[in-house]
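Descriptive analysis of the structure
Listed below, chain by chain, are the residues.
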Amino acid sequence: YAKERGRRCYKFYSDSLNARALERLQLEESLRTALVREEFELYYQPQVDLKSEQITSVEALIRWNHPTLGMVSPGEFIPIAEETGLIIEIGEWVMKTACAQAKSWIDEGFPPCRMSINLSSVQFKRSALTETIKDVIEETGLPPEYLELELTESAVMTDVEQNIQRLKQLKNMGIKIAIDDFGTGYSSLSYLKKFPIDTLKIDRSFVTDLAENKEDEAIVKAIMALADTMNLGVIAEGVESQSQLAILRQYECELIQGYLFSRPLNKDDIGMLLKTGLPKRKQQ
Ligand code: C2E
Ligand code: MG
Ligand code: MG
Ligand code: MG
């Protein structure tokens, strides 16, 4: 009986494993042709200055419109793109598209708005990175001060010495650097002070229950204090409610990103929002 059950368990396990492997293989296959088939699109989410309620920057967020599966979230396909190396080409497309978009807003006389781009650790580790970015800047004509790169803690916390050099090169070009998902990685604070970075981006996981959870509030407070001491900007991501906003305001968080102000929007919708500005909200 035990043997039989064991075999059945094994069969069940192996079937579901195969199904998953197949699904992943199919995704990988279609990911290889997604660029030439123009299935990617960039959405843009405002980053808002809390005092003035002006949009200071937008974060470019990739969307994949799969021919049969519909929208596939980046959380699902970015890891596959990283494992297969496809992230290099996809990442270059993101950079070109986002920088060209930002340049066209400047040309059309929109209020100044920085472009924030997520950089995978796979892209960051490549020695060709700075050359690629220089090329994109030259090609699109976007002034580098308009460009901000979002890197995760884990991307910068390995090969520390080499990364410091790389970050310095980018800084010298006039590009801003933000540490994404801050607080979820394993930043060594003694390293952090050596990194030439501009902004800490408080991870959404600390914001979600901010109004109910004293520990999350303590973490947010600690990150603010750290940023203040180290002279860094702070942005909170994933802000959805007035009660979260009230706490962030109390701790004088500079920038806010989240559904409360706006979801990520396609290029036409963000264009309209940038032109008109956010609707005036009642102060609470
Ligand atoms: P991220 O860089 O931390 O981006 C923030 C994510 O939080 C985005 O998810 C955004 O849509 C979502 N978000 C923003 N405000 C709220 C809110 O108020 N509530 C909730 N529930 N979510 C909010 P998205 O667009 O699904 O992207 C997920 C992740 O995929 C990103 O996390 C980033 O790590 C990665 N990603 C997206 N686009 C790119 C890209 O072009 N290149 C690379 N390398 N990674 C990307
Ligand atoms: Mg990001
Ligand atoms: Mg983030
Ligand atoms: Mg995040």
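Keep in mind the model is a prediction, meaning the values are calculated, not measured.

**Some details on the pairing of strand S1 (residues 40-49)**
Most of S1 is tucked away: nine of the ten residues are buried. Relative to strand S2 (residues 55-66), S1 runs antiparallel, the two being bridged by nine bridges. Paired with Gln47 across the two strands is Ser57, which belongs to S2.

**Digging into the site of ligand 1**
Arg63, Asn118, Asp180, Glu240 and Tyr259 are the nearest of the 21 residues found near ligand 1. Between ligand 1 and Arg63, the relevant distance is 2.9 Å, taken from an oxygen atom to a side-chain nitrogen or oxygen of the residue. Asn118 has a polar side-chain atom sitting 2.9 Å from an oxygen atom of ligand 1. In isolation ligand 1 has 810 Å² of accessible area, and contact with the protein removes 83% of it. Among the elements of the structure, S2, helix H2 (74-84) and strand S6 (176-182) are those that each provide at least two residues to the shell around ligand 1. Sort the elements by how many residues they give to the shell around ligand 1 and S2 lands first, with four residues. Across the shell around ligand 1, the residue classes tally to eight nonpolar, five polar and eight charged.

**With respect to the state of the cysteines**
Considering all chains together, one arrives at zero disulfides under this definition. In this structure Cys113 is not part of a disulfide, and its nearest cysteine sulfur, from Cys99, lies 12 Å away.

**Considering the layout of surface pockets**
What the largest pocket holds in volume is close to 940 Å³. Lining of the largest pocket is provided by 36 residues; of these, Glu59, Leu61, Pro74, Asn118 and Asp180 occupy positions nearest its centre. Elements with a minimum of two residues in the lining of the largest pocket: S2, H2, helix H3 (87-107), strand S4 (114-118), helix H4 (121-125), strand S5 (147-152) and S6. Reported here for the second largest pocket is a volume of approximately 210 Å³. Here the lining of the second largest pocket gets three residues from one element, more than from any other, and that element is helix H12 (residues 267-276). Across the lining of the second largest pocket, the residue classes break down as six nonpolar, four polar and three charged.

**Structural notes on the coordination of the magnesium ion (ligand 4)**
Around the magnesium ion (ligand 4), the protein contributes the donor atoms Asp181 (OD) and Glu237 (OE), which lie 2.4 to 2.7 Å from the metal centre. Between the two metal centres, the magnesium ion (ligand 4) and the magnesium ion (ligand 2), the spacing is 6.0 Å. Linking Asp181 in strand S6 with Glu237 in strand S8 (residues 233-237), this pair joins segments that are 56 residues apart in sequence.

**Looking at the pattern of salt bridges**
Across all of its chains, the model carries 13 salt bridges by this definition. Here Arg249 ties to Glu53 by a salt bridge, and the two come within 3.9 Å at their closest N and O atoms. Note that Arg249 is positioned in helix H11 (residues 242-250) and Glu53 in the loop between S1 and S2, a separation of 196 residues in sequence. Since its relative accessible area comes to 29%, Arg249 is described here as partly exposed. Residues joined in a network through salt bridges with shared partners are Arg24, Glu28, Arg32 and Glu83.

**Comments concerning H3**
Taking 1.5 Å as the rise per residue, H3 with 21 residues should run 30 Å; its terminal C-alpha atoms sit 30 Å apart, in good agreement. All buried positions along H3 are accounted for by Ile87, Ile88, Ile90, Gly91, Val94, Met95, Ala98, Cys99, Gln101, Ala102, Lys103 and Trp105. Downstream of H3 by a residue or two, Gly109 has a phi angle that is positive, lying close to 80°.

**Describing the coordination of the magnesium ion (ligand 3)**
The protein atoms that coordinate the magnesium ion (ligand 3) are Asp180 (OD), Asp181 (OD) and Glu237 (OE), at distances of 2.0 to 2.5 Å. The motif formed by the donor residues of the magnesium ion (ligand 3), counted along the single chain, is D-D-x55-E. The metal-metal distance between the magnesium ion (ligand 3) and the magnesium ion (ligand 2) is 3.7 Å, with Asp180 coordinating both.

**As for the packing of H3 against helix H5 (residues 129-140)**
In contact at an axis separation of 9 Å, H3 and H5 are set at 35° when each is read in the N-to-C sense. At the point where H3 passes H5, the crossing takes the right-handed sense. Two secondary-structure elements touch here, H3 through Glu92, Met95, Lys96, Cys99, Ala100 and Lys103 and H5 through Thr132, Ile133, Val136, Glu139 and Thr140. Counted by class, the contact of H3 with H5 contains five nonpolar, two polar and four charged residues.

Cut-offs applied
- Residues numbered from 1 in each chain as written.
- Chains lettered and ligands numbered in written order.
- Predicted model: local features only at pLDDT ≥ 70, side-chain atom pairs only at ≥ 80, totals over all residues.
- Heavy atoms only, no water.
- Buried < 20%, exposed > 50% of the residue type's maximum accessible area, 1.4 Å probe, protein only.
- Helix = DSSP H or I, 4+ residues; strand = E, 2+ residues; numbered from the N terminus.
- Pairing = 2+ DSSP bridges.
- Near = heavy atom within 4 Å.
- Polar contact = N/O pair within 3.5 Å; in protein donor to acceptor, adjacent residues only side chain to side chain.
- Areas by Shrake-Rupley, 256 points an atom, 1.4 Å probe, with all protein chains shown as cover.
- Nonpolar A, V, L, I, M, F, W, Y, C, P; charged D, E, K, R; others polar.
- Disulfide = S-S within 2.5 Å.
- 1 Å grid on protein atoms, 1.4 Å probe; cavity = no way out; pocket = protein on both sides within 12 Å on 5 of 7 lines; lining within 4 Å.
- Points joined across faces, edges and corners; volume = space filled by probe spheres on them.
- Donors = N, O, S within 2.8 Å, 3.2 Å for Na, K, Ca; no water.
- Salt bridge = Lys/Arg side-chain N within 4 Å of Asp/Glu carboxyl O.
- Expected span 1.5 Å × (residues − 1).
- Axes fitted to C-alpha atoms, helices over the stretch in contact; angles between N-to-C directions.
- Left-handed = near helix turned anticlockwise from the far one by under 90°.
- Contact = heavy atoms within 4.5 Å.

Shape descriptors only; they carry no functional weight alone.
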